[in-house]
Amino acid sequence: MKQVALVALVVSLSLIAAPRAQSDQALNPTAALLQELIRVDTSNPPGLEGRIDELIAARLRPLGFEILIVPTPVEGKSHLIARLRGDGSRRPVLLASHADVVGVEKEKWTVDPFGGQVKDGRIYGRGALDFKGGIAVFARAVMQLAENKVPLARDVIFVVEADEESAPYNTTWLAQTHWSDMDCEFALNEGGWIMADDNGHVRYVSVSTADKTSISVILTAHGTSTHSSMPRADNAITSLSKAIAKLSAYETPIQLTPSTRRFFTTLANTSPPPMAASFRDLIGTDAAAVARADREISRDPLLHAIMRNTLAPVMLNAGFRNNVIPGSADATINVRIIPGTDPNQIVRDFERVIGDPAVSVRLSTPSAGPSRIPASSEDTDLYRALEREARATFTGAEVTPYLFQAGTDAGAWRNRGVPVYGIYPYPITADQLTRMHGNDENVSVESLRQGTEMIYKTLVDVASKH
Ligand SMILES: [Zn+2]
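Definitions and limits used
- Each chain has its residues counted from 1, following the order in which its sequence is written.
- Given that this is a predicted model, residues contribute local features only at a pLDDT of at least 70 and side-chain atom pairs are listed and counted only at 80 or more, while totals for whole chains, interfaces and linings are drawn from all residues.
- To obtain the side-chain values, all non-hydrogen atoms of the structure were used and water was disregarded.
- For Na, K and Ca the donor cutoff is 3.2 Å, while for all other metals N, O and S atoms count as donors only within 2.8 Å; water does not appear among the atoms, so some sites may look incomplete.
- Tetrahedral means four donors with every angle between 85 and 135 degrees, whereas square planar (four donors) and octahedral (six donors) require angles over 155 degrees between opposite donors and between 65 and 115 for all others; sites fitting neither are termed irregular.
- Secondary structure elements follow DSSP: runs of H or I of four or more residues count as helices, runs of E of two or more count as strands, with numbering from the N terminus.
- Accessibility here uses a 1.4 Å probe with only protein chains present; expressed as a share of the type maximum, an area under 20% marks a residue as buried, one over 50% as exposed, and anything in between as partly exposed.
- DSSP calls a pair of strands paired once it identifies at least 2 bridges connecting them.
- In this analysis an axis means a line fitted to C-alpha atoms, helices contributing only their contacting stretch, and an angle means the value between N-to-C directions, from 0 to 180 degrees.

Some points on the coordination of the zinc ion
Coordination of the zinc ion by the protein is provided by His98 (NE2), Asp130 (OD), Glu190 (OE) and Glu190 (OE), with metal-donor distances spanning 1.8 to 2.8 Å. Coordination geometry of the zinc ion: the 4 donor atoms subtend angles of 51 to 148° at the metal centre, consistent with an arrangement described as irregular. Mapping the donors of the zinc ion onto the primary sequence gives the spacing H-x31-D-x59-E. One end of the pair, His98, is in strand S3 (residues 93–98); the other, Glu190, is in strand S7 (residues 186–196), with 92 residues separating them in the sequence.

A short note on the pairing of strand S8 (residues 202–211)
With 10 of 10 residues buried, S8 is to be regarded as a mostly interior element. Sheet topology places S7 next to S8; 3 bridges connect them, and they run antiparallel. In the strand pairing of S8, Ala196 is matched with Val202. Hairpin connection from S7 to S8: 5 residues lie between these consecutive antiparallel strands, with Gly200 at a positive phi of about 90°. Inspection of the sheet shows S8 paired to strand S15 (residues 398–404) by 7 bridges, in the parallel sense.

Considering the sheet that holds strand S14 (residues 359–363)
Spatial strand order, S11-S13-S9-S14: 4 strands in an open sheet with antiparallel pairing. The sheet is open, and its two edges are formed by strand S11 (310–318) and S14, each paired on a single side. Across the sheet, the axes of successive neighbouring strands diverge by a mean angle of 25°, strand direction being ignored. Where strand S9 (residues 213–222) and S14 come together, 5 bridges link them in antiparallel fashion. The residue of S14 that forms the bridge with Val217 is Leu363.

Re the sheet that holds strand S17 (residues 442–444)
The strand order S4-S5-S17 describes an open sheet built from 3 strands, whose pairing is antiparallel. Strands at the two margins of the open sheet, each flanked by one partner only, are strand S4 (118–119) and S17. With 2 bridges connecting them, S4 and strand S5 (residues 122–124) associate as antiparallel partners. Directly across from Val118, in S5, lies its bridge partner Ile123.

Structural notes on unusual backbone geometry
Most of the time, phi is negative for any residue but glycine, and the peptide bond is trans. Cis geometry marks the peptide bond from Asp130 to Phe131, where omega comes out at -5°. Here the bond from Pro273 into Pro274 is cis, since omega is 5°, no more than 30 degrees from zero. Note that Pro274 resides in the loop between helix H7 (258–270) and helix H8 (275–282). In this structure, Asp120 is a non-glycine residue whose phi angle is positive, near 50°. Despite not being glycine, Lys149 shows a phi value in the positive range, around 50°. Looking at the element boundaries, Lys149 is found in the loop between helix H4 (132–147) and strand S6 (156–161).

Structure (structure tokens):
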């Protein structure tokens, strides 16, 4: 492992990658497929992911995959379940990927978000990373198994999902009626990162074994509804603003899960000073050193997010005309919680921090308590295969389990005791990471090739007869 400047990766989110020589004509098969996928706009709502299912099915069918397209009650929205048969001596391995994407602020993009343009060795477009790039990598990897006629001891199932970015017809819905078609020993999904510096050198590969959960908390401020010409002290909008300001100044305590602890240990081992010391302090026991390390490390929003519950005001609803002071005002606070956190405790914490009887706090959906989904075990053939092939593909990179900072569709499997390992299967830089769900989302053409190789070899390891 080269002891290179991880500090740049960690503290700077504005890295600009050097242009690479790669022409449009030289696209590898994964990149060419991604380009096609980006050109089908599946912004959700409405998603209409069925068009992606048809595109992928047309590639897989001639290679001998059994194709099942499951329609949802929404016309044009479906799931694809493709199966490449093994001899059945071992239980299936599954690859899950979602076909829908989040919407775009088109005017803020420098390229057409649905054009699949190639520039400086990168493909641009909504979903390039999340998760059409993943569909392309997974699809090409399973296609290669068929093309190379790899003898399989287990079925390889490839699922292209609808409604990951927005419910209700997501994999949880699919599992209610089609569990037997998606049942497996273990699965791959989106999740962890193959983090590279701006020269493309991979520092570490994080494989998510658990996801944070998203909950929404509604703040409602109450005041006197009256004529705006006679303002009073109990203005609902003012009370709501003060409550949001207090929450924004509130930092939640650090909570390191076993996998987060290992992730920071990896960073401590692979970073140069002074960041190596900060990572080591964070997993230590000296409270003052932990607090100091937290301040330093939390300059990176991703690292800040995986070590604690985070909160973000996301929507406001207040007022209806310019001469009326409204009697109430609402804010939605999106909270991402670490597994095991009780959502009801979050409400109590917010009430304490806000400390204003004029502002009520509630969950958007009532909760019965903390989720009890265990993290996926690393003691499986799939985790070991992925770890081995990640090290082989990205020489010198460390591999570590990881708590994913956002939510995914893995719950449909993890809830039923099936281990799911999350990875965005391509090296990316910190700058590219900030563009996910943002503007000018892109992935490098070479990263797609490397990712396909890693996933293909992982599948050969875990599914072939040997
Ligand atoms: Zn995603």
